[in-house]
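Observations on the model geometry
So the chains spell out like this:
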Amino acid sequence: MILKSIFSLALLMALPMGSWASELTVTVHNDEPFQRQELVELSVDSVLRQLDLAEGQTFVVRNSIGQQVTYQVTYDRKLLIDAAVKPCGQTVFSIAPGTPEVFRSWVEGKMYRMRKDDIGWENDRGAYRVYGPALQKTGEKSYGIDVWTKNSKELDMSERYYKDMEGNVTGWANAQNGQKDREIDLHSTFHLDHGNGLDCYAVGPTLGCGAPALMDDGQLVLPYCYKTYRIWDNGPLRFTVELTFTPAKVGNDEQVVEHRIISLDKGSNFNKMTVWYEGLTTPRDLASGVVIHSADKESVVIGKNFVQYADPTDQPERHGFQLYVATLYPHGADTRKLLYDKPSGGIEGHAIGIKRKLKNNERYTYFFGSAWSEYDVRTQAEWQLRIDEFMKSQDRPLVTVMKKASR
């Protein structure tokens, strides 16, 4: 009997840890009649507690087939799982102690000091950038959020920056020798498409795509470049950056400081923006939206909780495509079309949503994003469908149920 007990204990100890340790079952429910593919959020502290794991101990997430799936733990203690769920269906995952595989990253962002402190970020749908203090020192008036198109799931923003820089260096050296080599620019600049996308969006002294701005006497007080930044998350499923701006004068308030937290998830056309201000002595209206260019003043759609636009690009006479942009307000906004009194430089005005009476340190969240007609959204009608389904998903999020079970 003693030998039998010893043999049974030895056999149990020889089994893989996952075959006897606790595990969690996570069921993701989709109540909508359309396919959902998005990140679901769980409390990582709850997961660790229910698995009896200490901080720093690892776990794996598997699908119902048994394959490991990509997950991410965010700076604000969320566990992200990329879930595909059929219409009015459910998808089941398991979480158990173990060592996760190394998975590819679907998002990435960084500060590019060699390009005047740009902060650029991307996912498998699009790329974006904001301008930094080095650019502001030059006096260039670039205030808003820029959009770079892409038609690939690969993360290639860094490659575009470095290729552009190398072309500029070579072109400068040739110019010193009296040469004008247009071929270098044709093959290096990120303002032209080399097979994976380009920067064809004109920002200038505008909101660009989705930047916020306080209002004074009915006019936008456009922000300048960020002062400091901190990247909180950098993949594999979510990128998050926090930006702080230089104190600015808004009305009678001399020291108004803007703060933004921007995040972009795998598979999403839309960034999440949370903005708040310090230094407001009285509540102020907050505007956000997209710039309208004079080359196309008609392709603007104003909705109850969104504004969207088919942008003609910076060279519509040469480009045969469109860039779709939008700003979305799931938490409500008064939307209207705002035109400059004197349009200039190809800028007609803005389509904006307004959050009334934003208080000091009050946080407001909305979304902004883009798509390209040479990728997965071919027409403005498809763009509207993408917007409508995203807004529905915000109204009715995927429902997750987590239960503990022992094998």
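Residues numbered from 1 in each chain as written. Predicted model: local features only at pLDDT ≥ 70, side-chain atom pairs only at ≥ 80, totals over all residues. Heavy atoms only, no water.

Whether parallel or antiparallel, the strands of a sheet pair through hydrogen bonds between backbone atoms. Pairing in this open sheet of 5 strands is antiparallel, and the strands run S12-S11-S18-S23-S22 from one edge to the other. Two strands bound the open sheet, and with one partner strand each, they are strand S12 (219–221) and strand S22 (334–344). Neighbouring strand axes in the sheet, compared pairwise and without regard to direction, differ in orientation by 45 degrees on average. As paired strands, strand S18 (residues 284–293) and strand S23 (residues 347–358) are joined by 9 bridges and run antiparallel to one another. Looking across to S23, one finds that His293 is bridged to Ile347. (Pairing = 2+ DSSP bridges. Helix = DSSP H or I, 4+ residues; strand = E, 2+ residues; numbered from the N terminus. Axes fitted to C-alpha atoms, helices over the stretch in contact; angles between N-to-C directions.)

Quick look at the state of the cysteines now. Tallied over the full model, the rule gives 0 disulfides. Here Cys209 stays free of any disulfide, with the sulfur of Cys200 as its closest cysteine sulfur at 12 Å. In this model Cys225 remains outside any disulfide bridge; the closest cysteine sulfur is found in Cys209, 17 Å from its own. The class for Cys225 is buried, based on a relative accessible area of 2%. (Disulfide = S-S within 2.5 Å. Buried < 20%, exposed > 50% of the residue type's maximum accessible area, 1.4 Å probe, protein only.)

Looking now at helix H6 (residues 380–395). Between the first and last C-alpha of H6 there are 23 Å, a value that for 16 residues agrees with the 22 Å anticipated at 1.5 Å per step. The set of residues buried in H6 consists of Gln380, Trp383, Gln384, Ile387, Phe390, Met391 and Ser393. On its buried side, H6 packs onto strand S2 (36–43), strand S17 (270–278), strand S19 (300–302), strand S20 (306–311), strand S21 (323–328) and strand S24 (364–372). (Expected span 1.5 Å × (residues − 1). Contact = heavy atoms within 4.5 Å.)

This part takes up the pairing of strand S1 (residues 22–29). Most of S1 sits inside the fold, with 6 of its 8 residues counted as buried. Note that S1 and strand S6 (residues 90–97) share 6 bridges and pair antiparallel. In the strand pairing of S6, Thr27 is matched with Val92.

Bridge count for S22 against S23 is 7 bridges, and the pairing is antiparallel. Among the inter-strand pairings, Asp334 is bridged to a residue of S23, identified as Ile354. Between S22 and S23, which pair antiparallel in sequence order, lie 2 residues; one of them, Gly345, sits at a positive phi of approximately 60 degrees.

What follows covers the packing of aromatic side chains. All told, the structure shown has 17 aromatic pairs when counted by the stated rule. Relative to Tyr161, the ring of Tyr112 has its centre 3.9 Å away and its plane inclined at 20 degrees; by these criteria the two rings are stacked. Of this pair, Tyr112 sits in strand S7 (residues 108–112) while Tyr161 sits in helix H4 (residues 157–176), and the two are 49 residues apart along the sequence. In this pair, the class of Tyr112 matches that of Tyr161, namely buried. A centroid spacing of 4.6 Å and a plane angle of 35 degrees characterise the contact between Trp148 and Phe190, whose relative ring orientation is tilted. Of this pair, Trp148 sits in strand S10 (residues 146–148) while Phe190 sits in the loop between helix H5 (182–188) and strand S11 (209–216), and the two are 42 residues apart along the sequence. Owing to a relative accessible area of 1%, Trp148 belongs among the buried residues under this scheme. Residue Phe190 is classed as buried on the basis of its relative accessible area of 4%. Among the aromatic residues, ring-to-ring pairing joins Tyr112, Trp148, Tyr161 and Phe190 into one connected group. Here Lys266 stacks its cationic end above the ring of Trp106, 4.5 Å away from the centre of that ring. (Phe/Tyr/Trp six-rings, centres within 6.5 Å; stacked < 30°, edge-to-face > 60°. Lys NZ or Arg CZ within 6 Å of the ring centre and 35° of its normal.)

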